[in-house]
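# Working through the structure, step by step
Below, each chain spelled out in residue letters.
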Amino acid sequence: MKKFILMSFLIIIGFVFQTSFMIFFNHFKVIPNFSLILLVIFAIMSDGIQGGLLGILTGLLYDSMIYSIFGLYTLIYFLIGALIGTYSIEMLRENKFLYSVAAGISTIFMHALLYLILFFLKFRVGLAAKIFPNIILETVINAVLVVFVAKIIMYLFDRFNVKV
Amino acid sequence: MGFFGNLISGFQKIVYKTGNTLTNSFYSVQEIVKMREENIMLTENVYKLREQVRILENIINKSEALQTEYEMKKNLSYDYVVGQVIAIDDSNWFSRFTIDKGENDGIKQNDIVIQAVKTDEGIVQIGLIGIVTQTSSEWSKVITLLDESCKVSFRNIENDESGILQGSIDGTVTGYFFNSKVFAEPGDSLVTSGIGEVYIPDIYIGDVKDVVKTTDASTLRIIVEPAVDFTKINRVYVLKK
């Protein structure tokens, strides 16, 4: 329970950091998605249920605070959290490469789902080709940064005596 | 005596020269140490002065922005609330943000969000940012002109013709004229037309950047350069309708 509370708290901190601080680096057009990075790390550290719940929390924060299409990000983050949580194996949790691959795939999965949902919401998704390079760059950045963030999270968990 | 004197004087000469060289060397070393200290001091001064210049430039930039806002406020005939942006959408798909003012400050859904804009001619105008889509007691969500779901009816002030503008996923604002025979030129200024009664009329949207013929060649698609720089949105004005 202590682990889940700590993870939830860090998800909220991550959301605030992402939406209110990272935007100052928006001049580069591409910024890493720390909310997704945290979700991937926590989902790998837990099971499908906890991963799904953390995904719902992340998505709810985005849907309620920024977007007007309620449920869009809740669904996407829930799926990412639940899927990673379900298929994460305890033995591999120390493998940093796993975090990298999971973060990369999750980024692409998130944008693919967004494309699909927005297509059914009648958005002109044909123009998405122009943002494709940004998505690729974001995928690479997330895949690299997740390793460093995972190290910080491990350190924090160690400090708070929480079993990974 | 002459020989001895010459020898002594030669020796004195050598000693003097040696002494002189040594003294000069000593002074040179002293000078180097002194110069190094001076160099450090001057470098520090340069840094301090650069910092002062930066602070002064910041003040000048701020005062220009405040002057622009003041000019806009003088011409503003609507009741307004000043809001601070507290969160911005970071995805590539949308263009939305949240401000720190909500229902408690009198903000309602569909209120217009604007910013003071200084044109190339130095005229201060009201620049359209977007519209309030959802409100809470303490904060409100805003969608900007760049967002796909934001549609604005516009009027070209050069020929008085109207049309519809829409944002897009890639962040460009494009539009069509209602009258397919109308022609527009790059540089034409666009303002809100007020049709549909969502947007207040005559709010400056931006200028026509490019005019493109559509595939069926029956209508013109205009690409618009918004007046507001959306990467620098910090303080916004919400017009209460």
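Residues numbered from 1 in each chain as written. Chains lettered and ligands numbered in written order. Predicted model: local features only at pLDDT ≥ 70, side-chain atom pairs only at ≥ 80, totals over all residues.

## Structural notes on the overall build of chain A
- For chain A, the helix and strand inventory stands at 6 helices and 0 strands.
- For chain A, the sequential pattern of α-helices and β-strands runs α-α-α-α-α-α.
- In terms of C-alpha radius of gyration, chain A reaches 15 Å, essentially the compact-globule figure of 15 Å for 164 residues.
- Projecting the C-alpha coordinates of chain A onto the three principal axes gives extents of approximately 50 × 30 × 30 Å. (Helix = DSSP H or I, 4+ residues; strand = E, 2+ residues; numbered from the N terminus. Rg over C-alpha atoms; globule rule 2.2 N^0.38 Å.)

## Looking at the overall build of chain B
- The number of helices and strands found in chain B is 1 helix and 12 strands.
- When the elements of chain B are put in sequence order from the N terminus, they spell out α-β-β-β-β-β-β-β-β-β-β-β-β.
- Sorting the 241 residues of chain B into buried and exposed places 32% on the buried side.
- In chain B, once contacts between residues fewer than 6 apart in sequence are set aside, the share between residues at least 24 apart is 54%. (Buried ≥ 20, exposed ≤ 12 C-beta atoms within 10 Å, placed from the backbone. Contact = placed C-beta atoms within 7 Å.)

## A look at the interface of chain A and chain B
- Opposite the 24 residues of chain A that make contact, chain B presents 18 residues.
- Of all elements in the fold, only helix 1 (2-20), helix 5 (96-120) and helix 6 (132-159) of chain A reach the threshold of two or more residues within the side of chain A that touches chain B.
- When residues of the side of chain A that touches chain B are assigned to their parent elements, the largest contribution, 3 residues, is made by helix 1 of chain A.
- Across the side of chain A that touches chain B, the residue classes tally to 14 nonpolar, 8 polar and 2 charged. (Nonpolar A, V, L, I, M, F, W, Y, C, P; charged D, E, K, R; others polar.)

## Here we look at the nonpolar core
- Residues Leu39(A), Val40(A), Ile41(A) and Ile205(B) are the most contacted members of the largest nonpolar core, which totals 89 residues.
- Per-element accounting of this core gives the leading share, 11 residues, to helix 2 (residues 34-45) of chain A. (Core = buried A, V, L, I, M, F, W, Y, C linked by C-beta atoms within 7 Å.)

## Re the environment of Lys34(B)
All names here are of chain B.
- Structurally, the position occupied by Lys34 is in helix 1 (residues 2-75).
- The exposure class assigned to Lys34 is exposed, which follows from the 11 C-beta atoms found within 10 Å.
- Each C-alpha atom, one on Lys34 and one on Glu44, is 15 Å from the other, the two residues being 10 residues apart in sequence.

## Things to note about helix 6 of chain A
Residue and element names in this part refer to chain A.
- Helix length check: helix 6, at 28 residues, gives a terminal C-alpha distance of 40 Å against a target of 40 Å (1.5 Å per residue), a fit within 8%.
- Val146 marks where helix 6 bends most, by close to 30°.
- Regarding helix 6, the residues found buried are Ile135, Glu138, Thr139, Asn142, Ala143, Val146, Val149, Ala150 and Ile153.
- Structurally, helix 6 contributes buried residues whose contacts are with helix 2 and helix 5.
- The first or second residue beyond helix 6 is Asn161, which carries a positive phi of 55°. (Expected span 1.5 Å × (residues − 1). Bend = angle between axes of the 7 residues up to and from the residue.)

## Some remarks on the confidence of the model for chain A
- Averaged over every residue, the pLDDT of chain A is 87; residues scoring 70 or more account for 97%.
- Taken element by element, the predicted model of chain A shows its lowest mean pLDDT in helix 1 of chain A (87) and its highest in helix 2 of chain A (93). (pLDDT = per-residue confidence, 0-100.)

## Observations regarding the packing of helix 3 (residues 48-65) of chain A against helix 4 (residues 72-87) of chain A
All names here are of chain A.
- Helix 4 packs onto helix 3 with a crossing angle of 160° between their chain directions and a minimal axis gap of 7 Å. With respect to helix 4, the element helix 3 is oriented roughly antiparallel. Here the hand of the crossing between helix 3 and helix 4 comes out right-handed.
- Residue composition of the contact of helix 3 with helix 4, grouped by class: 14 nonpolar, 11 polar and 1 charged. (Axes fitted to C-alpha atoms, helices over the stretch in contact; angles between N-to-C directions. Parallel < 35°, antiparallel > 145°, perpendicular 65-115°, else oblique. Left-handed = near helix turned anticlockwise from the far one by under 90°.)

## Notes on the confidence of the model for chain B
All names here are of chain B.
- The predicted model of chain B has a mean per-residue pLDDT of 80, with 81% of residues at 70 or higher.
- The weakest mean pLDDT in chain B belongs to helix 1 at 71; the strongest belongs to strand 5 (residues 140-144) at 90.
- Here the predicted complex scores 0.73 on pTM and 0.80 on ipTM.

## Side note on helix 2 of chain A
Residues and elements named next belong to chain A.
- Helix length check: helix 2, at 12 residues, gives a terminal C-alpha distance of 16 Å against a target of 16 Å (1.5 Å per residue), a fit within 8%.
- Taking burial as the measure, the 12 residues of helix 2 include 12 buried ones, the bulk of the element.
- Of the residues making up helix 2, those classed as buried are Phe34, Ser35, Leu36, Ile37, Leu38, Leu39, Val40, Ile41, Phe42, Ala43, Ile44 and Met45.

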